[in-house]
Amino acid sequence: MIDIKIQKSGKTLSLSAIGHADYAPYGSDIVCAGVSSIILGLCAALSKDAQRTEISSGQAYIRCSDTKDCRAYFRVVINALELIVAEYPENIKLVCNMSE
C-alpha cells in the first residue's frame, strides 16, 4: 500500500509518500504509475518554490512555503489522488490535513 500524507504546518505545505501499491507486478502497476506521475508533476510545478524534494523508489517527500501558487498545486494533487483512492482503496491511503 502507498501511504500518502499531505499537510499544512505553520507556513509550510508538505507531501510524504511511502510504499508500493502492489496492484500488479513491478513495471505493470498502474496505481504506482499514476501516483508517481502526480507526484513528479508536483515536483515539476514546484521546481522554483520547493524548499526540499526527495524522490526515490517507493518514497517521496516534498516541502514548500504556503503560498497561493503552492496551495493551488497541492489542491490539484489532492483532487487527482482522491480519484485514484476512490478506484483503488486497498492500494493507496491518503491522509490530508490542509487546515490549520
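Scroll up for the structure.
Model, not experiment: these values are computed from the prediction. (Residues numbered from 1 in each chain as written. Predicted model: local features only at pLDDT ≥ 70, side-chain atom pairs only at ≥ 80, totals over all residues. Heavy atoms only, no water.)

### Digging into the packing of helix α1 (residues 30–45) against helix α2 (residues 68–87)
In contact at an axis separation of 10 Å, α1 and α2 are set at 175 degrees when each is read in the N-to-C sense. Between α1 and α2, the angle is such that the two are roughly antiparallel. Along the contact surface, α1 presents V31, G34, V35, I38, L42 and A45, while α2 presents Y73, F74, V77, A80, L81 and I84. Tallied by class, residues from the contact of α1 with α2 come to 11 nonpolar, one polar and no charged. (Axes fitted to C-alpha atoms, helices over the stretch in contact; angles between N-to-C directions. Helix = DSSP H or I, 4+ residues; strand = E, 2+ residues; numbered from the N terminus. Parallel < 35°, antiparallel > 145°, perpendicular 65-115°, else oblique. Contact = heavy atoms within 4.5 Å. Nonpolar A, V, L, I, M, F, W, Y, C, P; charged D, E, K, R; others polar.)

### Here we look at the pairing of strand β1 (residues 2–9)
Residues of β1 alternate between two faces, with I2, I4, I6 and K8 buried on one and D3, K5, Q7 and S9 left unburied on the opposite face. Pairing geometry for β1 and strand β5 (residues 92–97), over six bridges, is parallel. The residue of β5 that forms the bridge with K5 is V95. Here seven bridges tie β1 to strand β2 (residues 12–18), and the two strands are oriented antiparallel to one another. Bridging across to β2, S9 finds its partner in T12. (Buried < 20%, exposed > 50% of the residue type's maximum accessible area, 1.4 Å probe, protein only. Pairing = 2+ DSSP bridges.)

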